[in-house]
Amino acid sequence: MTTYYQEFQKVFLSVDCIIFGFEENKLKILIGKRNMDPGRGEWSLYGGFVRNDESLDEAANRTLFTLTGMRNIYMRQVGAFGSLDRDPGERVVSIAYCALINVNDYSEKLRKQHGVEWVDIEEIPTMYSDHNEMVRQARIIMQQKFKTSPVGFELLPNLFTLTQLQRLYEAVNGADLDKRNFRKRIKEMDFIEKTDLIDKTHSKRGAALYRFNKKMYNEDPNFKL
């Protein structure tokens with residue numbers, strides 16, 4: 001260890017993860033009760049401190065894997081949060097990340113082990129420090145991303161109905177979409193393929209199942225919704 005920068009104050013660096021899921025036509029996030037001081041018992045995002053031997057992205061990936069047991073998750077940085085009074089314990093700067101996962105792929109055993117819950121984004125309780133603001137900014141970024149990139153398919157099963165897809169976009173944007181215009185736009189996208197399979201979960205007639213063709217999208221990624 002060198003002796004450089006001894007004259008400067010040390011600052012703690014952490015990562016916090018906003019993990020989005022889609023369930024029962026609702027956009028949800030994973031949150032739990034904080035199990036350390038300060039703020040023990042308050043609702044909180046899942047996070048941790050950055051180690052000396054890892055980058056920010058590595059710390060975020062480690063944190064996500066610890067919580068979900070999943071790798072290669074879609075993840076992007078939301079921003080830095082460093083208000084002087086954001087943590088009453090020490091001077092802590094946090095880098096927030098958002099991630100998208102399919103709720104059905106997440107182990108119920110791990111969820112219970114970590115004591116986290118899927119909460120509707122429209123019903124989020126007051127959380128520790130600036131975690132509510134982190135979620136607000138992450139949702140704005142995701143809304144923008146949904147318009148230009150098919151990241152929404154990370155939240156859906158491999159096979160989905162057009163109604164499920166529309167409900168997802170409505171949940172992310174917090175507003176209803178015109179069914180006819182939405183389906184017209186979707187059918188213009190070659191990388192959203194109709195299959196021969198039918199979902200009869202909600203009616204005897206059933207609804208056609210679709211899938212996202214990533215290879216086809218990569219060949220012509222002019223996506224805009």
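A.B. asks: Whenever I open this one, the overall build of the protein confuses me. Can you help?
C.D. replies: Across its full length, the protein carries 6 helices and 9 strands. Taken over the C-alpha atoms alone, the protein extends approximately 70 × 35 × 30 Å along its principal axes. Residue pairs in contact within the protein that sit at least 24 positions apart in sequence constitute 65% of those at least 6 positions apart. Of the roughly 13,700 Å² of accessible surface on the protein, a fraction of 46% belongs to carbon and sulfur atoms. Side-chain charges in the protein split into 34 positive and 32 negative, and the spacing between the mean points of these groups amounts to 6 Å.

A.B. asks: I keep staring at the packing of helix α3 (residues 131-148) against helix α4 (residues 162-173) and nothing clicks. Help me out?
C.D. replies: For any two helices packed against each other, the geometry comes down to the angle between their axes and how far apart the axes lie. The N-to-C vectors of α3 and α4 enclose an angle of 140 degrees; their axes lie 9 Å apart at closest approach. Classed by the angle they form, the pair α3 and α4 counts as oblique. Touching Arg-139, Met-142, Gln-143 and Phe-146 of α3 are Leu-168, Tyr-169, Ala-171, Val-172 and Asn-173, all from α4. Residues of the contact of α3 with α4, tallied by class, amount to 6 nonpolar, 2 polar and 1 charged.

A.B. asks: How should the confidence of the model for the protein be read in this particular structure?
C.D. replies: If pLDDT is low for a region, its predicted coordinates should not be looked at in detail. When pLDDT is averaged across the protein, the result is 93; 97% of the residues are at 70 or more. Of all helices and strands in the protein, the one with the weakest mean pLDDT is helix α6 (residues 214-219) (82), whereas strand β3 (residues 43-44) scores best (98).

A.B. asks: It is not clear to me how the nonpolar core should be interpreted in this structure. Could you clarify?
C.D. replies: Counting residues in hydrophobic clusters, the biggest one holds 42 residues, and the most contacted among them are Ile-18, Phe-20, Leu-165 and Ile-192. The residues touching Ile-18, leaving out its near neighbours within four places in the chain, are Ile-29, Leu-45, Val-78, Ala-96, Tyr-97, Cys-98, Ala-99, Met-134, Val-135 and Ala-138. Leu-67, Ile-73, Met-75 and Ile-95 belong to the second largest nonpolar core, which has 21 residues in total.

A.B. asks: For this particular structure, what's the right way to read helix α1 (residues 56-68)?
C.D. replies: One turn of an α-helix holds 3.6 residues; hence residues three or four places apart share an orientation. Compared with the 18 Å implied by 1.5 Å per residue over 13 residues, the 18 Å span of α1 between its first and last C-alpha is a close match. Immediately beyond the C-terminal end of α1, within one or two residues, lies Gly-69, with a positive phi of roughly 70 degrees.

A.B. asks: Help me out: how do you make sense of the pattern of salt bridges in this one?
C.D. replies: Scanning all chains against the criterion turns up 11 salt bridges. Overlapping salt bridges, with partners in common, bring together Glu-23, Glu-24 and Lys-28 in one network.

A.B. asks: Sorry if this is basic, but what is going on with the environment of Leu-209 here?
C.D. replies: Positionally, Leu-209 belongs in strand β9 (residues 207-212). Judged by its relative accessible area of 11%, Leu-209 is buried. Considered as a pair, Leu-209 and Tyr-128 are 81 residues apart in the sequence and their alpha carbons are 41 Å apart. With residues near it in sequence (within four places) discarded, Leu-209 still touches Leu-159, Phe-160, Thr-161, Glu-193, Lys-194, Thr-195, Leu-197, Ile-198 and Asp-199.

A.B. asks: Looking at this structure, I do not really get the side chain of Arg-139. What am I missing?
C.D. replies: One can find Arg-139 in helix α3. Beyond its immediate chain neighbours, meaning those up to four positions away, Arg-139 contacts Phe-20, Leu-27, Ile-121, Glu-122, Ala-171, Val-172, Asn-173 and Gly-174.

A.B. asks: Looking at this structure, how should I read the pairing of strand β2 (residues 26-33)?
C.D. replies: Sheet faces and side chains relate simply in a regular strand, where the side chains alternate between the two faces. Counted residue by residue, β2 has 6 buried out of 8 residues, so it is predominantly covered. Adjacent in sequence and paired antiparallel, strand β1 (residues 12-23) and β2 are bridged by 2 residues, among which Glu-24 carries a positive phi angle near 55 degrees.

A.B. asks: Looking at this model, I keep getting lost on the packing of aromatic side chains. Mind explaining?
C.D. replies: Two numbers describe a pair of aromatic rings. These are the distance of the centres and the angle of the planes. Throughout the structure, instances matching the rule amount to 11 aromatic pairs. The interplanar angle of 50 degrees and the centroid separation of 6.5 Å between the aromatic rings of Tyr-5 and Phe-8 together place this pair among those described as tilted. Just as Tyr-5 is exposed, Phe-8 falls in that class too. Relative to Phe-212, the ring of Phe-153 lies with its centre 4.5 Å away and its plane at 5 degrees, an arrangement referred to as stacked. Taken together, the residues Phe-153 in the loop between α3 and α4 and Phe-212 in strand β9 connect sequence positions 59 residues apart. Of the aromatic side chains, those joined through ring pairs into one cluster are Phe-153, Phe-160, Phe-191, Phe-212 and Tyr-217. When the ring centre of Trp-43 is taken as reference, the NZ or CZ atom of Lys-33 above it lies at 4.7 Å.

The rules we used
- Residues numbered from 1 in each chain as written.
- Predicted model: local features only at pLDDT ≥ 70, side-chain atom pairs only at ≥ 80, totals over all residues.
- Heavy atoms only, no water.
- Helix = DSSP H or I, 4+ residues; strand = E, 2+ residues; numbered from the N terminus.
- Contact = heavy atoms within 4.5 Å.
- Areas by Shrake-Rupley, 256 points an atom, 1.4 Å probe, with all protein chains shown as cover.
- Lys, Arg positive; Asp, Glu negative; His and termini not counted.
- Charge placed at Lys NZ, Arg CZ, Asp CG, Glu CD.
- Axes fitted to C-alpha atoms, helices over the stretch in contact; angles between N-to-C directions.
- Parallel < 35°, antiparallel > 145°, perpendicular 65-115°, else oblique.
- Nonpolar A, V, L, I, M, F, W, Y, C, P; charged D, E, K, R; others polar.
- pLDDT = per-residue confidence, 0-100.
- Core = buried A, V, L, I, M, F, W, Y, C linked by side-chain atoms within 4.5 Å.
- Buried < 20%, exposed > 50% of the residue type's maximum accessible area, 1.4 Å probe, protein only.
- Expected span 1.5 Å × (residues − 1).
- Salt bridge = Lys/Arg side-chain N within 4 Å of Asp/Glu carboxyl O.
- Pairing = 2+ DSSP bridges.
- Phe/Tyr/Trp six-rings, centres within 6.5 Å; stacked < 30°, edge-to-face > 60°.
- Lys NZ or Arg CZ within 6 Å of the ring centre and 35° of its normal.

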